[in-house]
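Observations on the model geometry
Now for the letters of each chain:
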Amino acid sequence: MISDTLLNRRTIRKYSDKAVDDELLNELLIKACRASTTGNMQVYSIIVTRDSEKKKELSPFHFNQKMIIEAPVVLTFCADFNRFNKWCTLRKAKPGYDNFLSFFTAAIDALLVAQTLCIAAESAGLGICYLGTTTYMAHKIIDTLKLPGGVVPVTTVTLGWPDEKPEQVDRLPVEAVVHNEVYHDYTFEDIGRFYILKEERSDSLQFVKENNLETLAQVFTDVRYKKKDNIYFSKMLLQVLKDQGFMNQ
Ligand SMILES: Cc1cc2nc3c(=O)[nH]c(=O)nc-3n(C[C@H](O)[C@H](O)[C@H](O)COP(=O)(O)O)c2cc1C
């Protein structure tokens, strides 16, 4: 049952040598492309990387995370107005998609198709891992994958048969993320209650200790997702959006 797949899933970062055959991949891609898409425009593209040389080229732009080299399939999901713009121009229609809203629209489309593929893959017993490095190093990935103007990579997924079964990681209780009718802002007491389970996990305590910090939140702010890095990569991404023609107005 699909709901069991959803409830039991975990990210897989280690893959067996077993190939993911073209027929299966094609079936997953066909299913993924059934995802909802803004105005049925399908303003996304998916780049399939299987070639080991190409993976080696991509690897440093994903900070050498081993899944890029080790997974049989690497999928780069791109926001793509290039194809749609060309169709408009060819059919005497004037595209007005050189703006940030259009990028965001296409990014939403790309993420929906990515997540649908992930669900289809996990339902078939495959393992997946998203790579957030794509938006950090988008300019390099654009060069490597020869993405034209109007196309921006928004996420990458590695895909293969699992060769590990890691413990499931925690989630906040559902009540922490769901608001009935209107947003109910959190009191400090709510925050304490919702985050305590995460904070008390042994792996969390280990992260805090290893990094000589006081709290788990500091692991995020001071180690994993630092302000300095966020600002640096934000600027790079904004430049990419300009270069790819999404910030003309
Ligand atoms: C947009 C996005 C980017 C991610 N980037 C990375 C990454 O670069 N490397 C990695 O190992 N995992 C990455 N992940 C996987 C998350 O770390 C993982 O989903 C999260 O820790 C929860 O674990 P679970 O998927 O096993 O439940 C990413 C997930 C998402 C949704």
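A few points on the structure. (Residues numbered from 1 in each chain as written. Predicted model: local features only at pLDDT ≥ 70, side-chain atom pairs only at ≥ 80, totals over all residues. Heavy atoms only, no water.)

1. Brief notes about the overall build of the protein chain
A tally of helices and strands in the protein chain yields 13 helices and four strands. Taken over C-alpha atoms, the radius of gyration comes to 20 Å for the protein chain, in line with the 18 Å a tight globule of 249 residues would show. Long-range pairs, those at least 24 residues apart, make up 77% of the contacts in the protein chain with a sequence separation of at least 6. Carbon and sulfur atoms provide 56% of the accessible area of the protein chain, an area that totals close to 15300 Å². With 31 positive and 32 negative side-chain charges, the protein chain shows a separation of 7 Å between the mean positions of the two kinds. (Helix = DSSP H or I, 4+ residues; strand = E, 2+ residues; numbered from the N terminus. Rg over C-alpha atoms; globule rule 2.2 N^0.38 Å. Contact = heavy atoms within 4.5 Å. Areas by Shrake-Rupley, 256 points an atom, 1.4 Å probe, with all protein chains shown as cover. Lys, Arg positive; Asp, Glu negative; His and termini not counted. Charge placed at Lys NZ, Arg CZ, Asp CG, Glu CD.)

2. Let's talk about the site of the ligand
With respect to spatial proximity, the complete set of residues near the ligand consists of R9, R10, T11, R13, Q65, M67, C129, Y130, L131, G132, V169 and R171. The backbone of Y130 places a nitrogen or oxygen atom 3.2 Å from a nitrogen atom of the ligand. A total of 620 Å² of accessible area belongs to the ligand in isolation, and the protein chains cover 61% of it. The leading source of residues in the shell around the ligand is strand β3 (residues 127–131), at three residues. Split into classes, the residues belonging to the shell around the ligand amount to five nonpolar, three polar and four charged. (Near = heavy atom within 4 Å. Polar contact = N/O pair within 3.5 Å; in protein donor to acceptor, adjacent residues only side chain to side chain. Nonpolar A, V, L, I, M, F, W, Y, C, P; charged D, E, K, R; others polar.)

3. Observations regarding the pairing of β3
Within β3, four of the five residues are buried, which leaves the element mostly enclosed by the surrounding structure. Sheet analysis places β3 next to strand β4 (residues 151–160), joined by five bridges and oriented antiparallel. Each residue of the ladder has a partner; that of C129, found in β4, is T158. (Buried < 20%, exposed > 50% of the residue type's maximum accessible area, 1.4 Å probe, protein only. Pairing = 2+ DSSP bridges.)

4. Considering the sheet that holds strand β2 (residues 73–80)
Strand order in the open sheet made by the four strands is β1-β2-β4-β3, with antiparallel pairing throughout. Sheet topology places β1 (44–49) and β3 at the edges, where each strand pairs with a single neighbour. Each strand of the sheet is rotated relative to its neighbour by a mean of 25°, with strand direction disregarded. Of the strands in this sheet, β1, β2 and β4 touch helix α2 (residues 22–32), which is tilted by about 165° from β1. (Axes fitted to C-alpha atoms, helices over the stretch in contact; angles between N-to-C directions.)

5. Focus: the pattern of salt bridges
For the coordinates displayed, the defined rule picks out 13 salt bridges. Of the charged contacts, one joins K31 and E27 as a salt bridge, the two residues approaching to 3.3 Å between their closest N and O atoms. Taken together, the positions of K31 and E27, both in helix α2 and four residues apart, correspond to about one turn of that helix. Across the salt bridge formed by D170 and K198, the nearest N and O atoms sit 2.9 Å from each other. With D170 in the loop between β4 and α9 (174–177) and K198 in helix α10 (residues 188–200), this pair connects stretches of sequence that are 28 residues apart. Look at D170 and you get partly exposed, because its relative accessible area is 22%. Relative accessible area serves as the criterion here: at 21%, K198 is assigned to the partly exposed category. (Salt bridge = Lys/Arg side-chain N within 4 Å of Asp/Glu carboxyl O.)

6. Considering unusual backbone geometry
Of note, the phi angle at N40 is positive, near 50°, even though the residue is not glycine. Tracing the sequence through the fold places N40 in the loop between α2 and β1. Backbone geometry places K92, a non-glycine residue, at a positive phi of 60°.

7. Regarding the side chain of T76
With respect to the helices, strands and loops of the structure, T76 is situated in strand β2. Judged by relative accessible area, T76 falls into the buried class, the value being 0%. The residues touching T76, leaving out its near neighbours within four places in the chain, are S45, I46, I47, T134, I141, L145, P153, T155 and T156.

8. Quick look at a nonpolar patch on the surface
On the surface, F100, F104, I108, L112, L238 and M247 cluster together to form a nonpolar patch covering roughly 510 Å² of accessible area. With four residues, helix α6 (residues 100–123) is the largest single contributor of residues to the nonpolar patch. As for its placement among the helices and strands, L238 is situated in helix α13 (residues 227–243). (Patch = residues over 30% accessible without salt bridge, like charges linked within 9 Å, V, L, I, M, F, W, Y side chains within 5 Å.)

9. Side note on the nonpolar core
As a rule of thumb, soluble globular proteins bury nonpolar side chains together. If you look at the biggest cluster of nonpolar residues, it comprises 54 residues, and the most contacted ones within it are V20, L28, F77, F103, L117, L126 and L159. At ten residues, the largest contribution of residues to this core is made by α6. (Core = buried A, V, L, I, M, F, W, Y, C linked by side-chain atoms within 4.5 Å.)

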